[in-house]
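# Examination of the molecular architecture
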Amino acid sequence: SQTIHQWPATLVQPVGSPLSLECTVEGTSNPNLYWYRQAAGRGLQLLFYSVGIGQISSEVPQNLSASRPQDRQFILSSKKLLLSDSGFYLCAWGDRVYEQYFGPGTRLTVT
Amino acid sequence: AQSVTQLDSQVPVFEEAPVELRCNYSSSVSVYLFWYVQYPNQGLQLLLKYLSGSTLVESINGFEAEFNKSQTSFHLRKPSVHISDTAEYFCAVSGDTGGFKTIFGAGTRLFVKA
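Residues numbered from 1 in each chain as written. Chains lettered and ligands numbered in written order. Predicted model: local features only at pLDDT ≥ 70, side-chain atom pairs only at ≥ 80, totals over all residues. Heavy atoms only, no water.

### What to know about the overall build of chain A
How we decide: Segments assigned H or I by DSSP are reported as helices when at least four residues long, segments assigned E as strands when at least two residues long, and all are numbered from the N terminus. Between the two quantities, the radius of gyration covers C-alpha atoms and the globule rule is 2.2 Å times the number of residues to the power 0.38. Whether a residue is buried, partly exposed or exposed follows from its accessible area with a 1.4 Å probe, protein chains only, as a fraction of its type maximum: under 20%, in between, or over 50%, in that order. By definition, residues are in contact when any of their heavy atoms lie within 4.5 Å. When charges are counted, Lys and Arg are positive and Asp and Glu negative, with His and the chain ends excluded. The atom standing in for a charge is NZ when the residue is Lys, CZ when it is Arg, CG when it is Asp and CD when it is Glu.
Of the regular secondary structure elements, chain A holds 0 helices and 11 strands. Reading the helices (α) and strands (β) of chain A from amino to carboxyl end gives β-β-β-β-β-β-β-β-β-β-β. Here the C-alpha radius of gyration of chain A, 13 Å, is about what a compact globule of 111 residues would show, namely 13 Å. For chain A, the C-alpha atoms occupy an extent of roughly 35 × 25 × 20 Å along the three principal directions. By the burial criterion, 48% of the 111 residues in chain A qualify as buried. Long-range contacts, defined as pairs at least 24 residues apart, comprise 54% of the intrachain contacts of chain A with a sequence gap of at least 6. Charge centroids of chain A, computed over 8 positive and 7 negative side chains, lie 9 Å from each other.

What follows is the structure in structure tokens.
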């Protein structure tokens, strides 16, 4: 069966520091991969999605970036965090237009 | 472009009462519709989905949703809720020309009171 992992589970970082969140998927090949952010009390905001290695589509211009160095690995990064980057970050994988499967999330607090 | 509107941001209800969480969508193409549930500090889990066929779909824990094409709705219902149903519920839509993206509604927080 397929599983999706995210780490770390929680992270507290100062403003201006770098960020690296990692997501890996097991049990499937060539998945579509997604990064979402969920601000407190708000819905899901799609940040990036990828349909293959090295293929990244950005949905919202911001100081975040994403990379897909391997088929089942998706990384979210920032060179300098802002206070507004705080939130709950969710990685998901999906099979074309059907359902998406979400990881457990990373709670990021920027101080 | 596709969009999803969840008409209620919060729904308080007493235990064992019925509940309906409303969802309307807009799309110019065939759609696939989903309801996801999110418990505190967790990722989303698929609750049920409509891809084709019967317009009434059910989940294993007693929820059901009906695809109504004429009203562009996909409301979620449960005849008798439990305390454990307290969570955030997201309606979502994807479609044939939506690329690989799913559009999520803003969410409805269901709060079940004893």
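### Comments concerning the state of the cysteines
Keep this limit in mind: Throughout, disulfides are identified as pairs of cysteine sulfur atoms within 2.5 Å of each other.
If you walk through the whole model with that rule in mind, you get 2 disulfides over all chains. Each disulfide pairs two cysteine sulfurs, and for Cys23 of chain A the partner residue is Cys91 of chain A, the sulfurs being separated by 2.0 Å. Between Cys23 of chain A and Cys91 of chain A the disulfide shows an S-S torsion of about -75 degrees. By sign, it is left-handed. Of the two residues, Cys23 of chain A is situated in strand 3 (residues 19–26) and Cys91 of chain A in strand 9 (residues 87–94); the sequence distance between them amounts to 68 residues. For Cys23 of chain A, a relative accessible area of 1% corresponds to the buried category. Across the disulfide, Cys23 of chain B is cross-linked to Cys91 of chain B (sulfur-sulfur distance 1.9 Å).

### Some details on the environment of Gln71 of chain B
You can see Gln71 of chain B is positioned in the loop between strand 8 (64–68) and strand 9 (73–78). Taking C-alpha positions, Gln71 of chain B is 9.0 Å from Tyr25 of chain B, a pair spaced 46 residues apart along the chain.

### Quick word on the interface of chain B and chain A
Here is the rule: Buried area is a sum: the accessible area each of two parts loses on coming together, probed at 1.4 Å, counted once for each and added. The salt bridge definition used is simple: a Lys or Arg side-chain nitrogen within 4 Å of an Asp or Glu carboxyl oxygen. The term polar contact refers here to a pair of N or O atoms within 3.5 Å; inside protein, the definition further demands a hydrogen-donor-capable atom paired with an acceptor-capable atom, and it admits residues adjacent in sequence only when both atoms are side-chain atoms. Put simply, Ala, Val, Leu, Ile, Met, Phe, Trp, Tyr, Cys and Pro go in the nonpolar bin, Asp, Glu, Lys and Arg in the charged bin, and everything else, Gly too, in the polar bin.
The partner chain A presents 22 residues to the 20 residues of chain B that form the contact. Taking both sides of the interface into account, the surface hidden between chain B and chain A amounts to around 1,700 Å²; carbon and sulfur atoms contribute 59%. Taken as a group, Leu44, Phe100 and Lys101 of chain B account for 35% of the area that chain B buries against chain A, more than any other trio of residues on that side. On the surface where chain B and chain A come into contact, there are 2 salt bridges. Run the count over chain B and chain A and you get 6 residue pairs in polar contact (both at pLDDT 80 or more). Broken down by secondary-structure element, the contributors of at least two residues to the side of chain B that touches chain A are strand 5 (31–38), strand 6 (44–50) and strand 10 (87–95) of chain B. At 4 residues, strand 5 of chain B tops the list of elements feeding residues into the side of chain B that touches chain A. When the residues that make up the side of chain B that touches chain A are grouped by side-chain class, the tally is 10 nonpolar, 8 polar and 2 charged.

### Regarding the pairing of strand 7 (residues 64–70) of chain A
Residue and element names in this part refer to chain A. Test applied: Pairing between strands is defined by DSSP: at least two bridges between them are needed.
The pairing of strand 7 with strand 8 (residues 73–78) spans 5 bridges and is antiparallel. When the bridges of strand 8 are listed, Ala66 appears paired with Leu76. Between the antiparallel neighbours strand 7 and strand 8 lie 2 residues.

### Let's talk about the nonpolar core
The condition that has to hold: In plain words, nonpolar cores are sets of buried Ala, Val, Leu, Ile, Met, Phe, Trp, Tyr and Cys residues tied together by side-chain atoms within 4.5 Å.
Of all hydrophobic cores here, the largest spans 27 residues; its most connected members are Leu33, Trp35, Leu47, Leu48, Phe74, Leu76 and Tyr89 of chain B. Apart from the residues lying within four places of it in its own chain, the contact partners of Leu47 of chain B are Trp35, Tyr36, Val37, Ser59, Asn61, Phe63, Leu76 and Tyr89 of chain B. If you look at the next biggest cluster of nonpolar residues, it comprises 19 residues, including Val25, Ala66, Leu81 and Cys91 of chain A.

Any link to function would need more than the numbers given here.
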